[in-house]
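Results of the structural survey
Residues per chain, in single letters:
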Amino acid sequence: AAEVSSTPSTLPLGPTGDVLGGGDFALFSQTDLDFQTLFALGAAGQLTVAGEVISVVAQANADPGGASYQSVFDAFVAMGNRLATAAAGSVRARHRVTARSQFLRAAKYYAQALYWVLGTSTPDAEAATYAAMDDAFVAANRLMDVPPEQVAIPYEDRTLPGWFYRPSDDGVARPTGVMNNGVDGQNVDMLVEGGFAALERGYNVLVFEGPGQGSQLFLHNIPFRHDWEHVITPVVDLLESRGDVDHGHIAIRGISFGGELTPRAAAFEHRLAALIADPGSTSSWLNFPAFLRSTADSGTPEQINRLWNEGLWNGATPEQQFALKKLLEVFSPEAHDEVKAGGHPTDWAGLSSEIKRYDLADVAGRIRCPTLVTQYEGDTSFTDQPTRLYGMLTGVRKKDLVHFTSVDGTQYHCGPMSPEVSNEACWDWLDEVFGR
């Protein structure tokens, strides 16, 4: 067999790597439509099909009024419906691999549509869109080579749903990565943004839906909570009850808002052997524009809400209003009900007070496990918060900060176009920490 050189040669032609990453690329002219759709395109390396995504984009752009929340939603739903129908036919024809791929793609496209529901003529369709996505996801899981186990995580007076994936069903105790979602992603996204890559490297993988996420928000109207350790401790309890988990090597990777939730959890749950904050964040409050933050200290709750409802909201652009609906629906049942009814969150005084509780300043120093913090070039959501979190990690024996850039196509929040690149960095780091 031919040997692969550890120092491969490069072609003595063309530009060198240090000039890569220039220029702009866009699927839509509207910034938020473009950014979110990049996640579907970026998943083409593992799950979606680039041609299908481009077809969706073309259909949405061809709408007589141009691309809009409605036309993008409609186009992704249409592609999801097409694939769900095709997958059912593939099952009947006993084409298991094809059916699995079609169901996974359908789930991903429904997940993309789910993001835009509040901007459409049917803002109350979150539950129905989520259900279509989840049905496709469940069907795909049943067709995996090693079907994952659907688990119920004991949590307070109820349970949280999750999926436990294994590279093999041989019962061997393996290191395990917990994929902790953020605000807008779904379980199928967690496979693309780390789950598949971890399985390839021999890790078990747990994905789950906590308060404010997936079914907990869309079906049960349960919002996020700032003290995320009360969510993760039951997750670790569940993993430690399993014989196929190496209890000394349980890691957690927080994606997007999960990059703030998981450091909070790790500050209190010291059974976690490693933490990846991807990207890192220290304060949800700092993610809001300064002019909005200033209104929260402008008087009594009544005065704050009058300024919000009679002034700021009416002066916001449609894109700003949509972004605020998405950001705020996860923090209170009342806000979620208001946006589903086609309105907007009206209690800015209460919401801002709640969001201020999501702050790691007083707890980050309690983190003990090795920690990797990631930062993405052009991340307008978290800006300099990853470096801020890195500086707060005063109690860890090993900490690292990795910067992703446009050279590798990993610019923007969470590097939507190149999940493979961030997965390589994150899981290779964990391999080294665990001595694998």
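Residues numbered from 1 in each chain as written. Predicted model: local features only at pLDDT ≥ 70, side-chain atom pairs only at ≥ 80, totals over all residues. Heavy atoms only, no water.

This brings us to the overall build of the chain. A count of helical and extended segments in the chain gives 16 helices and eight strands. Here the C-alpha atoms of the chain give a radius of gyration of 22 Å, agreeing with the 22 Å that 2.2 N^0.38 yields for 436 residues. With respect to the principal axes defined by its C-alpha atoms, the chain has extents near 75 × 55 × 55 Å. Evaluated residue by residue, the chain yields a buried proportion of 54% over its 436 residues. Per element, the accessible surface of the chain, about 18100 Å² overall, is 52% carbon and sulfur. Of the charged side chains in the chain, 31 are positive and 54 negative, and the gap between their average positions amounts to 5 Å. (Helix = DSSP H or I, 4+ residues; strand = E, 2+ residues; numbered from the N terminus. Rg over C-alpha atoms; globule rule 2.2 N^0.38 Å. Buried < 20%, exposed > 50% of the residue type's maximum accessible area, 1.4 Å probe, protein only. Areas by Shrake-Rupley, 256 points an atom, 1.4 Å probe, with all protein chains shown as cover. Lys, Arg positive; Asp, Glu negative; His and termini not counted. Charge placed at Lys NZ, Arg CZ, Asp CG, Glu CD.)

Here we come to the sheet that holds strand β2 (residues 158-165). To summarise the sheet geometry, strands pair through backbone hydrogen bonds and adopt either a parallel or an antiparallel arrangement. The strand order across the open sheet formed by eight strands is β1-β2-β4-β3-β5-β6-β7-β8, and the pairing between neighbours is mixed. Taken across any chain shown, the strands that pair with only one partner, and hence form the sheet edges, are β1 (149-155) and β8 (399-404). Within the sheet, the average angular offset between the axes of one strand and its neighbour, ignoring direction, is 25 degrees. For strand β7 (residues 371-376) and β8, the ladder comprises six bridges, and the chain directions are parallel. Bridge pairing in β8 places Y376 opposite F404. Against the sheet, helix α9 (residues 258-268) engages β3 (174-180), β5 (245-255) and β6 (274-278), with an angle of about 155 degrees to β6. (Pairing = 2+ DSSP bridges. Axes fitted to C-alpha atoms, helices over the stretch in contact; angles between N-to-C directions. Contact = heavy atoms within 4.5 Å.)

On to the pairing of strand β4 (residues 204-208), then. β4 sits mainly inside the fold: five of its five residues count as buried. Here β4 shows two buried faces, one formed by N204, L206 and F208 and the other by V205 and V207. In this structure, β2 lies alongside β4, joined through four bridges in antiparallel fashion. Bridge assignment links F164 to a residue of β4, and that residue is L206. Sheet topology note: the β3/β4 ladder contains four bridges and is parallel. Across the sheet, M179 pairs through a bridge with V207, a residue of β4. Assessed by its sense of winding, the connection that carries the chain from β3 through helix α6 (residues 187-200) to β4 is right-handed. (Right-handed = clockwise from strand over helix to strand, strands pointing away.)

Between its terminal C-alpha atoms helix α8 (residues 229-240) stretches 16 Å, which fits the 16 Å expected from twelve residues at 1.5 Å a residue. Within α8, the full set of buried residues consists of E229, V231, I232, P234, V235, V236, L238 and L239. For α8, the secondary structure elements touched by its buried residues are β1, β2, β3, β4, β5 and α9. (Expected span 1.5 Å × (residues − 1).)

Right, let's talk about the packing of helix α1 (residues 31-42) against helix α2 (residues 50-61) for a bit. Put simply, α1 and α2 touch, their axes get as near as 8 Å, and they point 155 degrees apart. Looking at the two axes, α1 sits roughly antiparallel to α2. The residues of α2 that touch α1, namely those facing T37, A40 and L41, are A50, V53 and V57. Grouping the constituent residues of the contact of α1 with α2 by class yields five nonpolar, one polar and no charged. (Parallel < 35°, antiparallel > 145°, perpendicular 65-115°, else oblique. Nonpolar A, V, L, I, M, F, W, Y, C, P; charged D, E, K, R; others polar.)

Turning our attention to the side chain of Q216. If you trace the backbone, Q216 turns up in helix α7 (residues 214-218). Side-chain polar atoms of Q216 contact the side chain of S215, separated by 3.2 Å. The residues contacting Q216, other than those within four sequence positions of it, are R158, L160, P161, E209, G210, P211, N221 and I222. (Polar contact = N/O pair within 3.5 Å; in protein donor to acceptor, adjacent residues only side chain to side chain.)

Here the focus is helix α11 (residues 301-315). Residues separated by three or four positions in an α-helix point in the same direction, a consequence of the helix having 3.6 residues per turn. With 15 residues, α11 ought to run about 21 Å at 1.5 Å a step, and its terminal C-alpha atoms sit 20 Å apart, in line with that. Maximal helix bending in α11 amounts to about 35 degrees, located at W308. Looking at α11, one finds that the buried residues are I304, N305, W308 and W313. Where α11 is buried, its residues touch α10 (290-295), α12 (318-328) and α14 (348-355). (Bend = angle between axes of the 7 residues up to and from the residue.)

Here the focus is unusual backbone geometry. Of note, the amide linkage connecting D278 to P279 takes the cis form, showing an omega dihedral of -5 degrees. When you line up the elements, P279 lands in the loop between β6 and α10. Positive phi outside glycine occurs at T383, with the angle close to 40 degrees. As for its position among the elements, T383 is in the loop between β7 and α15 (385-392). One non-glycine residue with positive phi stands out, namely Y412, at about 80 degrees. Among the secondary structure elements, Y412 is positioned in the loop between β8 and α16 (419-433).

Once that is clear, we can look at the side chain of E260. Within the secondary structure, E260 is located in helix α9. Buried charge without a partner: E260 forms no salt bridge, and the closest opposite charge is R264, 8.7 Å away. Within polar-contact distance, the side chain of E260 engages the side chain of S281 at 3.0 Å. Beyond its immediate chain neighbours, meaning those up to four positions away, E260 contacts S281, T282, S283, S284, Y358, D359 and L360. (Salt bridge = Lys/Arg side-chain N within 4 Å of Asp/Glu carboxyl O.)

Moving on: the pairing of β5. Strand direction decides the pairing type here: β3 and β5, joined by six bridges, are parallel. From the neighbouring strand, T176 faces β5, where its bridge partner is I250. In this structure, β5 lies alongside β6, joined through five bridges in parallel fashion. Along β6, the bridge assignment pairs I255 with D278. Crossover β5 to β6 through α9 is right-handed.

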